[in-house]
Protein chains: 2
Amino acid sequence: MTEQSRQGAVDKDLLSELHAQIGSKLTQQGHRYTNGRQELVEALMLTGQPMTLPDIVEADPKLAQSSAYRNLDVLVRCGVIRRINAGGDHSYFELAEPLLGHHHHLICMSCGSIEDVHFDSEIEHLVDKSLSEISARTGFTPTTHSLDLHGHCADC
Amino acid sequence: MTEQSRQGAVDKDLLSELHAQIGSKLTQQGHRYTNGRQELVEALMLTGQPMTLPDIVEADPKLAQSSAYRNLDVLVRCGVIRRINAGGDHSYFELAEPLLGHHHHLICMSCGSIEDVHFDSEIEHLVDKSLSEISARTGFTPTTHSLDLHGHCADC
DNA sequence: CTAGAATTGATAATGAGTCTCATTCCTGCA
DNA sequence: TGCAGGAATGAGACTCATTATCAATTCTAG
C-alpha cells in the first residue's frame, strides 16, 4: 500500500472514454469539465483506489486545495465521484459506481487504508433481494447500499 | 422521527442487567462506570436508535459536552458503544453489537436520520460466508462488517 | 468581440471533536 | 474513619478538515 506506483487497470482508451462520459455528464448539469476537474478525476482513475484530499494534492501538486475541495463537491453532486466516510480524519473519494462498478471496501482499522473488493454476483443478488424486502417492510427507499469490512489489512 | 417519546424495547430488568454487564466490562479494563457514563449509556438505551452528541446532550442536559465526548470515546474503546460515520456533520453513536445484536442501518440522505434494521439470518449467513472467502483471498482480517442502506426514509 | 456566467485560488471563517488543567471524586489501605 | 494517589469532571482553549468569501480570470454563447 505504500507502493506509489500502483495503478488501477485503466488503459488509455478506457481513460479517455471515461473522460468523455464524465464531461457530458457535467455539461448536462450546467457545469464545465475544466482542467482542474479533469486532473482530479485523472488522479483517481490512475490510482484506482480511494484517496483523501491530501493524497490527491500530493499526486498532483498543481491542484489548489480550495478548488480541489470545491470540485470534488461538484463531482460528487453530479454523481461522478463518491465520498466515503471511513471514520478517520479525512474523507476518501473514488470514482462513482457507474464508472467503477459496484464494489465494497476493506477498511483497515490500524492504518486507515481503504481497498476495493468485488463480491461474487450470487451474494450481491441475495443482498439485493433482502434489501428489497426491507424497503417494502419499512417504507424506506434505498438508492444504494454499502457493505464494508472493518478489520486489519495484510500489512497490519 | 420527530417523535421524542419513541423508546427502544427495553424494560427495567434488561436495562439494569445491561448496566451491570457494562460496568464489569469497564472495571475489567481499569475504568469506572461513573454517573456520567451511566447516563450516557442510558440515553442510548432509552432512545434505542443511533444518536449524535447534540441528541445525547439534549436528551440529558446535565451532561457536559466535553465529558460526553471523552466518555463516548472511552466507551467506544471498551467495546460498549459503536461509532457510526454516516457522512453528516456529526458521528452517530449506539450501543455496541454485543449489547444490541447484529444489525444494519437505514441512512436517510435527505434528513440524515439513521434507523436500525435486522436482516434475516439466511442473508447474514451468506454474507459471512462470502466475507470469509474475501478474507482468505486478500489477507485482510475482518473484525466486523457494516451493511447499510442509503436512500430516503418514509418521511422524506 | 463582448457581456454574463462559471471557475479559480488565496485567505478567512466555521465548527465538530480534542486537549488542558485545576478541581472534585473514588477507591484501596492503614 | 482518614488519607494518598489516581481517575474523572467541566469549562474553555485549541486543532484542523472542510466551507465560504471575493476579487481576478477564463469560458461560452451570441
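Going by the structure above, here's the rest.
Residues numbered from 1 in each chain as written. Chains lettered and ligands numbered in written order. Predicted model: local features only at pLDDT ≥ 70, side-chain atom pairs only at ≥ 80, totals over all residues. Heavy atoms only, no water.

### Details of the interface of chain A and chain B
Each partner contributes to the interface: chain A provides 36 residues, whereas chain B provides 36 residues. Ranking the residues of chain A by area buried against chain B places Phe140, Leu149 and His150 of chain A at the top, with a combined share of 20%. Our count for the chain A to chain B interface comes out at zero salt bridges. Here 11 bridges tie strand 5 (residues 141–152) of chain A to strand 5 (residues 141–152) of chain B, and the two strands are oriented antiparallel to one another. Paired with Leu147 of chain A across the two strands is Leu147 of chain B, which belongs to strand 5 of chain B. (Contact = heavy atoms within 4.5 Å. Buried area = accessible area lost by both parts, 1.4 Å probe. Salt bridge = Lys/Arg side-chain N within 4 Å of Asp/Glu carboxyl O. Pairing = 2+ DSSP bridges. Helix = DSSP H or I, 4+ residues; strand = E, 2+ residues; numbered from the N terminus.)

### Examining the protein's contact with DNA strand C
As a matter of local geometry, DNA strand C sits amid 15 residues, with Arg32, Thr34, Arg37 and Arg70 of chain A together with Tyr69 of chain B nearest to it. Those atoms of DNA strand C that come within 4 Å of the protein belong to sugar or phosphate at a rate of 62%. In this structure, Thr34 of chain A approaches DNA strand C through a side-chain N or O atom, which is 2.6 Å from a phosphate oxygen. One of the backbone N or O atoms of Ser91 of chain B is found 3.0 Å from a phosphate oxygen in DNA strand C. (Near = heavy atom within 4 Å. Polar contact = N/O pair within 3.5 Å; in protein donor to acceptor, adjacent residues only side chain to side chain.)

### Observations concerning the sheet that holds strand 4 (residues 114–117) of chain A
Strands belonging to one sheet form pairs held by backbone hydrogen bonds; the direction of such a pair is parallel or antiparallel. Taken in spatial order, the six strands make up an open sheet running 4(A)-3(A)-5(A)-5(B)-3(B)-4(B), and their pairing is mixed. Sheet topology places strand 4 of chain A together with strand 4 (114–117) of chain B at the edges, where each strand pairs with a single neighbour. Recorded for the sheet is a direction-independent mean angle of 30° between the axes of neighbouring strands. Alignment of strand 3 (residues 104–108) of chain B against strand 5 of chain B, held across four bridges, turns out to be parallel. By the bridge assignment for strand 5 of chain B, His105 of chain B is matched with Asp148 of chain B. Running at roughly 125° to strand 5 of chain A, helix 6 (residues 121–138) of chain A makes contact with strand 3 (104–108) and strand 5 of chain A together with strand 3, strand 4 and strand 5 of chain B of the sheet. Contacts from helix 6 (residues 121–138) of chain B reach strand 3, strand 4 and strand 5 of chain A together with strand 3 and strand 5 of chain B within the one sheet, and its direction differs from that of strand 5 of chain B by about 125°. (Axes fitted to C-alpha atoms, helices over the stretch in contact; angles between N-to-C directions.)

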